[in-house]
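Structural overview for review
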Amino acid sequence: MISLVTAPDFDPALIARYDVAGPRYTSYPTAPQFHAGFDEVALRHAIRTSNEEPIPRPLSLYVHVPFCMSPCFYCGCNRVITRDTSQADRYLERLYREIELVAPLFDRDRSVRQLHFGGGTPNFLDIAQMRELMESLARHFSFSPLAGREYGIELDPRFADGDYVRQLGELGFNRLSVGIQDFDPAVQQAVNRIQSFEQTHAAIDAACEAGFRSVSVDLIYGLPRQSLDGFGRTLGQVVALDPDRVAVYGYAHLPELFKPQQQIDAAELPDAATRLALFGRALERLSAAGYVHIGMDHFAKSSDELVQAQRAGTLQRNFQGYSTHGDCDIVGLGVSAIGRIGDSYSQSARDLIGYYAALDAGRLPVVRGLELDEDDVIRRELINELMCHGVVDKAAFGARHRLRFDEYFAAERQRLLPLIADGLLLEDARALHVTSPGRLLLRIIAMCFDAYLGEEAHAPRYSRAI
C-alpha cells in the first residue's frame, strides 16, 4: 500500500521523461470509449440489473448546473455563460422532469449516501431555487439518514456571500469545494477570474460556522504568467485558509477542444521546466504544512476521511476524483452528466438543446455510454488499486477474477519494464508495488494496463501527466 508517512520523492529529471499526455482515470474505460450504441434502453436495463443484485448498492447523485456568470479562460468544463438568471428556471423545469423519470427506476430502499453539485457554477441558483431542487431530490430519492452521508457542492465565492453559504448548510450540504486556481493578480487577469483572498476566506469561514464537515480548494499550475514566487505566495495563503483538502491540477492547454482557451496567449504559459517546478513547490509547501499526498494532484489533512479510507484500503476513484463512497452507483443528473451504474457508464446530452428535447419528448437524455465486458471490469479494478493504494497482490487479484496474473497481463508486464528500471515500480512474485517516485506518475503506470490506448495515447484529448 502507498506509504503516507512521507511525501513522494520529487525527481524533476525523472518526471520530465514521462511528462506525456494520458487519461486521468476517473473511469475505466475512459470517456472517449463511450458510444451512441448505449442508449436509454441500455441504461434502463443497467438500472434494472443493479436493483436485482443480492445487495443493491447505495446511490451517489451528481447534479450538473451548467451556468456561469463569466468565462474563466482556462476552463474545459461543460458550461453556459450567461447573466440571464431566468435560464435557471427553464433548466430546472427539465431537471425536475429528469428526476421524475429516473428516480422511480431505482428501488426505494437504495439510499442516497453521497450528493454532489458541480458545474458550471452551482451557486448560479439562488437559495430558493436550491431549496426547491433539494426538496425534489429528497422527495423522489431516499436520502440516507446516516451521519456519514456526504452532500457536497462546488462554489464560486465571487457570487456567494456568507449568508448564502450558511443557508446551504441548513439545506443539508456538509462539504464545500471552492475554486481558487491562483491568487496572483497577474494570473487572475490573464485567465479572466478576479477573485480576492478576502472573498474566499469569507466563504470558507461561513462554511465552518455552518458546521460543514469538510472544505476543499482547487488550485491550477501551468497557467499564464505564473511564477514560482507568485505561486508560492498563493500556497502560503491557501495554507492560511486551512482547508481539509487541496487539489492542485495541471492546466491542460487544449484550445482546439475548448474555445475559451483561445483567449489565452500561449506565449505567456510557463515552460515545461517551470511548470514542473510549480508542482514541486506545491508538493513541498503542502507537505510541510502537514497535508498528505493522496495521489496524483490530491492532498488532505491526516485526519481527513480520504486519508483514513486510503489507510483502510477502501479509497476509490470516480468522476469527482478520489472518493470514500466508491461502493455507490452514480446517478448523473443534468446536461452532460455522467453516471456509473454497475458495470456501465452513461452520459446525457452535452448541449441544452439536445437535453431539453429529450426530456420534452418524455425520454431520458442519455446519448452515449458503455457496457463493460469482463476484461474491462478486470482492468478497472486493477487500475483503481494502483491509483488509490499503490499495490496489487497478484494472488488475491487472480483469485477474485479466476485468472493467473502473470499470464493474463504478460504483455502489460513487458510494458512495465522501463518503469521498473527507472524505479517507478517494483515487481516480485507476489505483488506490484508503486515506489515513492512512482506516486507522482500513477497515470503513466496505469496507462500500461489500458487496453484502449494505442496511437491515441498522446492525442490532444488528454492532459499531460504532470
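These lines cover the structure that appears in this document, whether it is placed above or below. (Residues numbered from 1 in each chain as written. Predicted model: local features only at pLDDT ≥ 70, side-chain atom pairs only at ≥ 80, totals over all residues. Heavy atoms only, no water.)

Now for the packing of helix 3 (residues 86-102) against helix 4 (residues 127-140). Axis separation between helix 3 and helix 4 bottoms out at 10 Å; the angle between their running directions is 5°. Considered as vectors, helix 3 and helix 4 are oriented roughly parallel to each other. Contact residues: helix 3 offers Ala88, Asp89, Leu92, Leu95, Tyr96, Ile99 and Glu100, while helix 4 offers Gln129, Glu132, Leu133, Ser136, Leu137 and His140. Classifying every residue of the contact of helix 3 with helix 4 gives 7 nonpolar, 3 polar and 3 charged. (Axes fitted to C-alpha atoms, helices over the stretch in contact; angles between N-to-C directions. Helix = DSSP H or I, 4+ residues; strand = E, 2+ residues; numbered from the N terminus. Parallel < 35°, antiparallel > 145°, perpendicular 65-115°, else oblique. Contact = heavy atoms within 4.5 Å. Nonpolar A, V, L, I, M, F, W, Y, C, P; charged D, E, K, R; others polar.)

Contact geometry of helix 4 with helix 5 (residues 162-170) gives a least axis separation of 11 Å together with a crossing angle of 15°. With respect to helix 5, the axis of helix 4 lies roughly parallel. Once helix 4 is placed against helix 5, the crossing between them reads as right-handed. The segment helix 4 lies against helix 5, with Ile127, Met130 and Arg131 engaging Tyr164, Gln167 and Leu168. The residue makeup of the contact of helix 4 with helix 5, split by class, is 4 nonpolar, 1 polar and 1 charged. (Left-handed = near helix turned anticlockwise from the far one by under 90°.)

Geometrically, a pair of aromatic rings is defined through the distance of the ring centres and the angle of the planes. Taken as a whole and assessed by the stated rule, the structure comprises 16 aromatic pairs. Over the ring of Tyr322 we find Arg317; its NZ or CZ atom is 4.6 Å from the centre of that ring. (Phe/Tyr/Trp six-rings, centres within 6.5 Å; stacked < 30°, edge-to-face > 60°. Lys NZ or Arg CZ within 6 Å of the ring centre and 35° of its normal.)

Here the focus is the sheet that holds strand 19 (residues 391-393). Reading across from one edge, 19-21-20 is the order of the 3 strands in this open sheet, with antiparallel pairing throughout. The sheet is open, and its two borders are formed by strand 19 and strand 20 (425-427), each paired with just one other strand. Strand-to-strand, the axes of this sheet are offset by a mean angle of 10°, without reference to chain direction. Sheet topology places strand 20 next to strand 21 (residues 431-434); 3 bridges connect them, and they run antiparallel. Considered in strand 21, the bridge of Glu427 is made with Leu432. With respect to the sheet, helix 12 (residues 374-389) is in contact with strand 19 and strand 21, its orientation differing from that of strand 19 by roughly 135°. Across the sheet, helix 13 (residues 394-401) is in contact with strand 19, strand 20 and strand 21; its angle to strand 19 comes to roughly 60°. (Pairing = 2+ DSSP bridges.)

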